[in-house]
Amino acid sequence: MGAEDPAPRLGKCRVIGFNGRSTDATGGIWGSLAEQLGKAEQFARYLSPLLSAPGPEAWKQILGGDPTIIFLDELPPYLEYAVAVPVGDANLGVVTTTALANLFVAVAEMDNVCLVMSDLAGANYSTGQAGLQAAMDRAIQGISSESKRIAVPITPVNPNGDELYHILRKRLFEKVADEAEIKRIAGAYRDALKEAVNMSLTSTSPESMYQRVNDAYPFHPDLRELVGKFKENEGFQQTRGVIRLMQMVVSNLWHSGKADQNDLIHPYDIDLNVDELASEIRTINPSLSEAIAHDIAHGGDAEAEQIDSANRNNDAAEAAKLILLASLSTTPGAIHGLQEYQLVDALQRPGRDLSSFKANVMDKLHTRAWYLHDSPDGRIYFKNQQNLAAKLRSTALSLHAEVVDRMLRDRLDKEFAPSLRDCYQAVAVLPPPDEVQVDQDRTTLVIVRPGGQASSLPISSDWQAWWGQQQYKNRVLFLSGSRDTYQKVIDGARQTRALQSIEDDLKAEKTSSDDPQWRVLDGLRDRVALQFNSALKEAFDQIVYPSINNSLRASGIDLAFAGNQNGESSIRKTLEGAQKFTTKTDDDAFRTKAEARLFGSSDTKVVLWNDFKRAAAVNTNWPLHRPSALDELKAECLRRDLWREEGNHVRRGPFPPPEPDVAIRELAVDDENDGRTYLKIEPLHAPSVVYETGDSEPTHASSPVPTPSRFEATGLHYNFRAVDPEDFARVSGVRVWKARLRLKYQLHQRDDHYELELKVLPKANGIQIRYTTDGSSPTSAGHAIYDGPIRVPNNCRVVCAMAVADAYDLNSEQIRVQIPQKGEETRTVDPHIPAKLKFQQKFDDTGAVWNFIEQLGKTSGVTVNDISLTAESANGQQHVEFMGAADAGYDAGALKSLADRLVETAGEGALRMQVSIFNFATGQDLLDWLRANKLPFEQHRVTQ
């Protein structure tokens, strides 16, 4: 060894050894060693006639003399084998263990012998390793504690140091780059890793990468960790195996010319399409052969290679090879795989862009690789077991076409289901033409299979012919595409439906919620959904809609299926941009367009309303809008007097000036004095109004109404007419007002009879009161004429009365006055049936009004009628009045709401109210009300 001789004074030395793979050695370990020393005859008695173990003294005799080195390699496999070889009553394993123990004792006591023995701890030779350990333990018991220190453990290659790189450099290269070049390369890898850190792909320190590259050059520093994962596999020689593997890699890089492009030798530089390299990797772990062929490397057909072909780089294949190296261990309990950030660390190099690594590489690998798995702690690894992606592929391919078709129809129906329902209201998914029904009042979106190009439109000639035969041509939309990419949609539907089947299977198998398969399923679902949405966007990219001159037109559409976006919103946006759909239906432009296109012609003033709406469904020049828009347009135009309704027809303006008219409204009735009625007389479309009483017809010469805002009508009959003093031709027709006759009564009990007093309001001439005492109607021939208080006959139970003014054909309501019989004098109100109290109450200050409303709210079943509410601002400049007589009456809530709105309109100030009628659910409620308010009971004010 010359100058490098580590022991120049050692002199002559004998070297002998035994390899445990030599299971056919006839004389066992000791026979082989004796033969190498030329002293086989000294051990003859330990070989024949039966193998026996030499003792320590026998070993000393044969090993004495010159310095001797003994190498014992791979003994555990030999001891594993020896257990099965019988020797007398025992076996070769027992004899060999004894011989080794004696050898260890002898060597420990000799100065000229050094024994070097390899240890395969961790390998799959548990029985042999146990035997070797037993021999060592037996030897230790037989030597002194001083001697024990002679045994020194030696680690050939420190797995935690850089010795592996030194060995590889020494064995594989004559020379490597100089220090400056190495530092340049280390800096470049450091800077590349900084980019990955900035993109949040990893958190590894770039400075640590710099130092590691310096130490490992020309190898990537992650090589040691990846090799360390499978170094203890059975049959793999930790150092020699790595040297052999890397020798192949370096040779391939050199002869293929790839070495010229590399700054470092990376773990992923193992070309698995080279038979020699692929065979070496398969030898390390044969169970992953299928994973390699299907997922990683197979002449360009493996999934990772196909992904790279689409991406135009090598990222997927190189990532897959890194994951494979981290998955090769066959040692029980080994940790397989890599975290995603570890992949980034090992992949990143100068010039490589990993910004889209997750979406373009990892997501696709997870979807397509059959043998790729995820551990619960997020590591990615290969295993000899098909994953959910493989199951997804096989399940998808096994689905019946009808199942896939149904799933696709459901998906399209869901994605394009109308929710706003303004652009279209119904969806027909991939139907035959004869199954689509077109209605006048709703627009149907027909989703047609893409690829049926005809006449420059992306729908087939059959669909175009079908549309041409429809009556309501403006009620059909088509969604389709110009490119025949429908197969991608079918594939997406297959995978989506297959995922549902896989989920159902996992549930049926009662798979634990923390099982990694659920996380993988969620990832697959996200990726498949993304791919399916992309296929839908690519396939359905054209919307075909009715356009001018009874023709169809196509526009490109960009479908969106994220956030608040869906198919409906995309179609609305596209058609709005093409001016085929509008949401602006409440402006004058929409009305003007409707009058021009839907009335029939520019000269048409009157149209049947059904024909107007039908025209919107037939006229392809008319835009789409919410179905209620035309009815809302009609209501608004009627309100603004732009249109007028004439039965089932609508007439559009402009209209001639309105004719004068008179509006008459009753404000209040005085039921306490002469019964006069207060009227509000308002001239319409004329400056003034005149009137006459009786039958006379008003003229320009008649008296003007003195106080139109509060005219006091004391008579029974008035005629009003609106006039224009400046234009005698502008005069309204005669508006007649007739008073309402109201009949009141009081029943007085005299000594032995009842006396009934009747009074009619208003007090005016020409009114007659008719009555009967036998229960018959006062309209019958037998009625009597009232001329003063009536003495009620003793046998009378009811008096019926009615006021009549024949000259003006006026009648009051009939009243029926119940006459109490003997013993029933106190029975005046039926407590079980509804009752009405005519009783006028006025509240002239704000506090009184609110107190009354509060009191009314505390009493159930009570409403009021014939009310007036007046709100006046504090400065007296705002005055708002409300009068109402709703049939159902007003409860406390309604009164409060009215009062609040009046005060809000007029402003804070005074609030006044008048109530004339109280309605009670029962007669008992009426009595309770009177008692609570300390009011007297008056029979003539109560009706039931």
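Residues numbered from 1 in each chain as written. Predicted model: local features only at pLDDT ≥ 70, side-chain atom pairs only at ≥ 80, totals over all residues. Heavy atoms only, no water.

**Student:** Is there a simple way to think about the environment of Thr863 in this case?
**Tutor:** By the secondary structure assignment, Thr863 is in strand S32 (residues 862–873). On the basis of relative accessible area, Thr863 is assigned to the buried category, the value being 18%. Linking Thr863 and Ser394, residues 469 residues apart in sequence, is a C-alpha distance of 75 Å. (Helix = DSSP H or I, 4+ residues; strand = E, 2+ residues; numbered from the N terminus. Buried < 20%, exposed > 50% of the residue type's maximum accessible area, 1.4 Å probe, protein only.)

**Student:** I would appreciate a short explanation of helix H24 (residues 588–598) in the present structure.
**Tutor:** An α-helical turn contains 3.6 residues, so any two residues separated by three or four positions project in the same direction. Along H24, the residues classified as buried are Phe590, Arg591, Ala594, Glu595 and Leu598. Down the axis of H24, the buried side of the element spans an arc of 135°, and every buried residue falls inside it. For H24, the elements touching its buried residues are strand S13 (606–608), helix H25 (609–618), helix H26 (629–639), strand S14 (643–646) and strand S15 (649–652). (Arc of directions from axis to C-beta. Contact = heavy atoms within 4.5 Å.)

**Student:** Help me out: how do you make sense of the confidence of the model for the protein chain in this one?
**Tutor:** Do not read the predicted coordinates in detail wherever pLDDT is low. The share of residues in the protein chain with pLDDT of 70 or more is 94%, and the mean pLDDT across the chain is 89. Mean pLDDT values for the elements of the protein chain range from 41 in helix H6 (residues 145–148) up to 97 in strand S9 (residues 444–447). Note that pLDDT drops below 50 for residues 144–149; the model gives that stretch 3 contacts with residues more than four away or on any other chain. (pLDDT = per-residue confidence, 0-100.)

**Student:** Honestly, the pairing of S9 in this entry has me stumped. Any pointers?
**Tutor:** The two faces of the sheet receive side chains in turn, since in a regular strand these alternate between them. Both faces of S9 are covered, namely the face carrying Thr444 and Val446 and the face carrying Leu445 and Ile447. Here strand S8 (residues 426–429) runs beside S9; their pairing, made up of 4 bridges, is parallel. Counted as the bridge partner of Val429 is Ile447 from S9. Of the strand pairs in this sheet, S9 and strand S10 (residues 476–480) are connected by 4 bridges, and their pairing is parallel. What sits directly across from Leu445, in S10, is Leu477. Regarding topology, helix H20 (residues 461–468) serves as the crossover connection from S9 to the parallel S10, and that connection is right-handed. (Pairing = 2+ DSSP bridges. Right-handed = clockwise from strand over helix to strand, strands pointing away.)

**Student:** Sorry, what's going on with the sheet that holds strand S12 (residues 551–556) here?
**Tutor:** Across a sheet, paired strands are connected by hydrogen bonds in the backbone, their directions being either parallel or antiparallel. The strand order across the open sheet formed by 5 strands is S8-S9-S10-S11-S12, and the pairing between neighbours is mixed. The open sheet has two free edges, formed respectively by S8 and S12, since each of these has just one partner strand. Direction aside, the axes of adjacent strands within the sheet are offset by 25° on average. In the packing of helix H23 (residues 567–577) onto the sheet, the strands contacted are S9, S10, strand S11 (542–547) and S12, and the crossing angle to S11 comes to about 50°. (Axes fitted to C-alpha atoms, helices over the stretch in contact; angles between N-to-C directions.)

**Student:** Teacher, can you tell me more about a nonpolar patch on the surface here?
**Tutor:** Together, Val15, Phe71 and Val116 make up an exposed nonpolar region whose accessible area comes to about 250 Å². Among the structural elements, Val15 can be located in strand S1 (residues 14–19). (Patch = residues over 30% accessible without salt bridge, like charges linked within 9 Å, V, L, I, M, F, W, Y side chains within 5 Å. Areas by Shrake-Rupley, 256 points an atom, 1.4 Å probe, with all protein chains shown as cover. Salt bridge = Lys/Arg side-chain N within 4 Å of Asp/Glu carboxyl O.)

**Student:** Quick question: what am I supposed to make of the pattern of salt bridges here?
**Tutor:** This model, assessed by the stated rule, comprises 55 salt bridges. Between Glu415 and Arg411 there is a salt bridge, and its shortest N-O distance comes to 2.8 Å. Remark: Arg411 and Glu415 occur in helix H19 (residues 401–415); sequence separation between them is 4 residues, near one turn of the helix. Accessibility classification places Glu415 together with Arg411 in one group, the buried group. Taking the shortest distance from any N to any O, the salt bridge between Glu632 and Arg626 comes out at 2.5 Å.

**Student:** Could you clarify how one ought to interpret unusual backbone geometry in this entry?
**Tutor:** Glycine aside, residues mostly have negative phi angles, and peptide bonds mostly take the trans form. In this model, Ser48 is joined to Pro49 through a cis peptide bond whose omega is 5°. With respect to the helices, strands and loops of the structure, Pro49 is situated in the loop between helix H1 (28–37) and helix H2 (56–63). Residue Tyr217 is joined to Pro218 through a cis peptide bond whose omega torsion reads 10°. As for its position among the elements, Pro218 is in the loop between helix H9 (206–216) and helix H10 (223–228).

**Student:** I tried to follow the packing of aromatic side chains on my own but got confused; where do I start?
**Tutor:** Aromatic ring pairs: the centre-centre distance and the angle between the two ring planes describe each pair. With the rule as written, the count across this model stands at 29 aromatic pairs. Note on Phe852 and Trp929: the rings are 6.4 Å apart at their centroids and 90° apart in plane angle, and the pair reads as edge-to-face. Here Phe852 is found in helix H27 (residues 846–857), whereas its partner Trp929 is found in helix H29 (residues 923–932), with 77 residues between them in sequence. Judged by its relative accessible area of 3%, Trp929 falls in the buried class. An aromatic cluster is built from Tyr691, Phe711, Tyr718, Phe720 and Trp737, whose rings are joined through pairwise contacts. One residue, Lys473, lies across the ring of Trp467, its end atom 5.9 Å from the ring centre. (Phe/Tyr/Trp six-rings, centres within 6.5 Å; stacked < 30°, edge-to-face > 60°. Lys NZ or Arg CZ within 6 Å of the ring centre and 35° of its normal.)

**Student:** Looking at this structure, I do not really get the pairing of strand S33 (residues 879–884). What am I missing?
**Tutor:** Pairing analysis gives 6 bridges linking S32 to S33, with the strands arranged antiparallel. Note that in S33 the partner of Ser868 across the bridge is Met883. In textbook terms, the turn of a hairpin is the stretch between consecutive antiparallel strands, and for S32 and S33 this stretch comprises 5 residues, one of which, Gly876, has a positive phi near 80°.

**Student:** Looking at this model, I keep getting lost on the side chain of Ser547. Mind explaining?
**Tutor:** One can find Ser547 in strand S11. Note on Ser547: relative accessible area 7%, which makes it buried. When near neighbours in sequence (up to four residues on either side) are disregarded, Ser547 contacts Arg553, Thr620 and Asn621.

**Student:** How should helix H11 (residues 238–256) be read in this particular structure?
**Tutor:** With 19 residues, H11 extends 27 Å from end C-alpha to end C-alpha; this agrees with the ideal 27 Å at 1.5 Å per step. Here H11 has its buried residues at Gly241, Val242, Ile243, Leu245, Met246, Met248, Val249, Val250, Asn252 and Leu253. Tucked into the core, H11 has its buried residues touching helix H7 (163–172), H10 and helix H12 (275–284). Where H11 ends, the next residue or the one after it, Gly257, has phi of about 85°, a positive value. (Expected span 1.5 Å × (residues − 1).)

**Student:** Explanation requested: the environment of Val83 in the structure shown.
**Tutor:** Summarising the element assignment, Val83 is placed in the loop between helix H3 (75–82) and strand S3 (86–87). Val83 sits in the partly exposed class, given a relative accessible area of 41%. On a C-alpha basis, the gap between Val83 and Gly93 in space is 4.5 Å, while along the polypeptide they are 10 residues apart.

**Student:** Honestly, the packing of helix H14 (residues 303–311) against helix H17 (residues 357–368) in this entry has me stumped. Any pointers?
**Tutor:** To characterise two packed helices, one gives the angle between the axes of the helices and the distance between these axes. Remark: H14 packs on H17, axes separated minimally by 10 Å, with the N-to-C direction vectors making an angle of 140°. As for how H14 packs across H17, the hand of that crossing is right-handed. Between H14, through Glu303, Ala304, Gln306, Ile307 and Asn311, and H17, the contact on the second element is made entirely by Asn360, Val361, Lys364, Leu365 and Arg368. Residues that form the contact of H14 with H17 fall into these classes: 4 nonpolar, 3 polar and 3 charged. (Left-handed = near helix turned anticlockwise from the far one by under 90°. Nonpolar A, V, L, I, M, F, W, Y, C, P; charged D, E, K, R; others polar.)

**Student:** Just to check I follow, could you spell out the packing of H17 against helix H22 (residues 516–539) for this structure?
**Tutor:** Their axes nearest at 10 Å, the elements H17 and H22 cross at an angle of 105°. Classified by the angle their axes make, H17 and H22 are roughly perpendicular. Where H17 abuts H22, its residues Asp363, His366 and Thr367 lie against Leu524, Arg527 and Gln531. Classifying every residue of the contact of H17 with H22 gives 1 nonpolar, 3 polar and 2 charged. (Parallel < 35°, antiparallel > 145°, perpendicular 65-115°, else oblique.)

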